[in-house]
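Fold and geometry: a report
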Amino acid sequence: MSTKSAINKEVFVPHDEKMLAAVQVKRRTKKKIPFLATGGQGDYYTFICVSVTNKKPLHVSITKVKQFQGSSAFVKRSQWTIDQLRQVNGIDPSKDCPEFDLTFDNAFDQWVASSAGEKCTFIQILHHTCQRYSSVRKPEFVNCQSKLLGGNSILHSAADSVTSAVQKASQALNERGERLGRAEERTADMMNSAEQFAVTAHKDVPLIFPNSHLA
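Residues numbered from 1 in each chain as written. Predicted model: local features only at pLDDT ≥ 70, side-chain atom pairs only at ≥ 80, totals over all residues. Heavy atoms only, no water.

**Focus: helix α2 (residues 116–133)**
The cut-off we apply is this: In this text, helices come from DSSP runs of H or I with a minimum length of four residues, and strands from runs of E with a minimum of two, each type numbered from the N-terminal end. Expected helix span is taken as 1.5 Å per residue step, with the number of steps being one fewer than the number of residues. When accessible area is computed with a 1.4 Å probe and restricted to protein chains, residues below 20% of their type maximum are described as buried, those above 50% as exposed, and intermediate ones as partly exposed.
In this model α2 runs 25 Å from its N-terminal to its C-terminal C-alpha over 18 residues, within 8% of the 26 Å that 1.5 Å per residue would give. Every buried residue belonging to α2 is among Lys119, Cys120, Phe122, Ile123, Gln124, Ile125, Leu126, His127, Thr129 and Cys130, and all of these are buried.

Pasting the structure below:
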């Protein structure tokens, strides 16, 4: 089972939610931790996840999930509604990069994803989800490549691929049908020719009578 599948199964499915996207991240700048809060559980992996409830009214959440080293369990640490998201900063609109920032009503985090591709996929899905589910005001997406927010997104590309495959299959079936139709026509022509030949041959064969002896 992949890490993302495990997160969905352990963190979201028990709450009747499904995970739409997840990206593994690290902080770009170290967060200041109060003296009394030190001595935690050690190193950990962090994931930012987008999820939606299965039942209506649908609620979308952005959740910070952690997995501590030496443990297979995933722990939910912080969670915001999609309406609390104010801004998504893609950092550099001119090229793929792994850095991005998320600004909420009461929080601001600077992240670097495990890869530029992971970050791009996450922002594409997050943008699509915000456009579809944000009810109060949609968050601002700044410094993001246009391909992440417009017609060249993975979602549209996937839809285009499916449409293209259907069109190709339909074309192949049509071509096959045309070939079968032409074959049937040729077969019918051959049968007609054979019948005509048989009729003609039957007419042209002379009648042969047995020898008769005249008295």
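Structure shown, so let's carry the discussion forward.
**Thoughts on the packing of aromatic side chains**
To keep it simple, the criterion reads: Centres within 6.5 Å make a pair out of two Phe, Tyr or Trp rings, where for Trp the six-membered ring is used; the pair is then stacked when the planes are under 30 degrees apart, edge-to-face when over 60, and tilted otherwise.
Summed over the entire model, instances satisfying the criterion amount to four aromatic pairs. Taking the centre distance of 5.6 Å and the plane angle of 65 degrees together, the rings of tyrosine 44 and phenylalanine 68 count as edge-to-face. Within this pair, whereas tyrosine 44 is found in strand β2 (residues 44–53), its partner phenylalanine 68 is found in strand β3 (residues 60–68), the two being separated by 24 residues in sequence. According to the relative accessible area criterion, phenylalanine 68 is buried, its value standing at 11%. Between the aromatic rings of tryptophan 80 and phenylalanine 104, the centroid separation amounts to 4.1 Å while the plane-to-plane angle is 10 degrees, which identifies the pairing as stacked. A residue pair is termed long-range when its members are at least 10 positions apart, and tryptophan 80 in strand β4 (residues 75–81) and phenylalanine 104 in strand β6 (residues 99–104) qualify at 24 residues. Neither tryptophan 80 nor phenylalanine 104 differs from the other in exposure class; each is buried.

**With respect to the sheet that holds strand β5 (residues 85–89)**
Where strands meet in a sheet, backbone hydrogen bonds hold them as pairs that are either parallel or antiparallel. Note the cut-off: The criterion for strand pairing is that DSSP finds at least two bridges linking the strands in question. An axis is simply a line fitted to the C-alpha atoms; with a helix, the fit covers only the stretch in contact. Between two such axes, the angle follows the N-to-C directions and lies from 0 to 180 degrees. The contact rule is simple, with two residues in contact once any of their heavy atoms fall within 4.5 Å.
Strand order in the open sheet formed by eight strands is β4-β3-β2-β1-β7-β6-β5-β8, with mixed pairing between adjacent strands. The open sheet is flanked by β4 and β8 (140–142), the only strands paired with a single partner. Direction aside, neighbouring strands of the sheet carry axes that sit 30 degrees apart on average. Strand direction decides the pairing type here: β5 and β8, joined by three bridges, are parallel. Within β8, the position partnered with asparagine 89 by the bridge is valine 142. Its contacts with the sheet place α2 against β1 (17–27), β2, β3, β5, β6, β7 (108–113) and β8, and it is angled at close to 135 degrees to β1.

**Thoughts on the pairing of β3**
Here is the key point about a regular strand: its side chains alternate between the two faces of the sheet. β3 sits mainly inside the fold: nine of its nine residues count as buried. Residues Val60, Ile62, Lys64, Lys66 and Phe68 point to one face of β3 and Ser61, Thr63, Val65 and Gln67 to the other, with burial holding for every one of them. Counting the residues that bridge the hairpin from β2 to β3 gives six residues. In this structure, β3 lies alongside β4, joined through six bridges in antiparallel fashion. When the sheet's bridge partners are listed, isoleucine 62 is paired in β4 with tryptophan 80. Taken together, β3 and the strand that follows it, β4, pair antiparallel across an intervening segment of six residues, in which glycine 70 is found at a positive phi of about 85 degrees.

**Quick word on the nonpolar core**
Stated formally: Nonpolar cores were defined as sets of buried Ala, Val, Leu, Ile, Met, Phe, Trp, Tyr and Cys residues, with membership established by side-chain atoms within 4.5 Å.
One finds Ile48, Leu85, Phe100, Leu102, Phe122, Ile123 and Leu126 to be the most contacted residues of the largest nonpolar core, which totals 26 residues. Examining the composition of this core, we find that six residues originate from one element, α2, more than from any other. When neighbours within four sequence positions are excluded, leucine 85 is seen to be in contact with Ile62, Leu102, Thr103, Phe104, Leu126, Cys130 and Pro139. The next biggest cluster of nonpolar side chains, apart from the first, holds 10 residues, and it includes Ile7, Val11, Ala22 and Phe74.

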